[in-house]
Amino acid sequence: MMADHTKQGLTIVTGAAGAAKADLGMRPYAASKPAVKKLTETLSKEIRPSGGWANAILPSIINTPANHDGMPGSDTLDWIPPGDIAHLVGFLLSDSAHRINGALIPITCGA
């Protein structure tokens, strides 16, 4: 019988792709992102005995009006629509993801 992990406790940490792969010119930003990785790894082990799960999603630049305003003229081809992030979160909340724990999941369009 599969446990309904949404009733046991599920944490989804939102980080940034910089936690898994840094880019040029992002030293201070990228240096802070490994904390997301370690938080997720530790939390996933700490809450697992009580039936909990913890995962992190790591989007690249999210296609929002604020990001357009802050980065005018940028190539937005690989920017992530917020709806795509919502679909990933929905999957992680579903029973189909009941064995995913401690994962760092990039959502980057390959960027």
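The following refers to the structure shown. Bear in mind the structure is a predicted one, so any value in this text is a computation, not a measurement.

Turning our attention to the nonpolar core. Counting eight residues, the largest nonpolar core is built from Ile-57, Ile-80, Ile-85, Leu-88, Leu-92, Ala-97, Ile-105 and Ile-107. Those elements that place two or more of their residues in this core are helix H5 (82-93) and strand S3 (104-107). Considering every element that reaches this core, the biggest residue donor is H5, with three residues.

All right, on to the pattern of salt bridges then. Applying the stated criterion to the full structure yields two salt bridges. Notably, a salt bridge pairs Lys-37 with Glu-41, separated by 3.2 Å at the nearest N-O pair. Remark: Glu-41 and Lys-37 occur in helix H3 (residues 34-47); sequence separation between them is four residues, near one turn of the helix. Overall, the relative accessible area of 29% leaves Lys-37 in the partly exposed class. With relative accessibility at 22%, the residue Glu-41 sits in the partly exposed group. Between Glu-41 and Lys-38 there is a salt bridge; the shortest N-O distance is 3.2 Å. Of the two residues, Glu-41 and Lys-38 are both situated in helix H3; the distance of three residues between them amounts to about one turn of the helix. When salt bridges with common partners are traced through the structure, they connect Lys-37, Lys-38 and Glu-41 into a single cluster.

The rules we used
- Residues numbered from 1 in each chain as written.
- Predicted model: local features only at pLDDT ≥ 70, side-chain atom pairs only at ≥ 80, totals over all residues.
- Heavy atoms only, no water.
- Core = buried A, V, L, I, M, F, W, Y, C linked by side-chain atoms within 4.5 Å.
- Buried < 20%, exposed > 50% of the residue type's maximum accessible area, 1.4 Å probe, protein only.
- Helix = DSSP H or I, 4+ residues; strand = E, 2+ residues; numbered from the N terminus.
- Salt bridge = Lys/Arg side-chain N within 4 Å of Asp/Glu carboxyl O.

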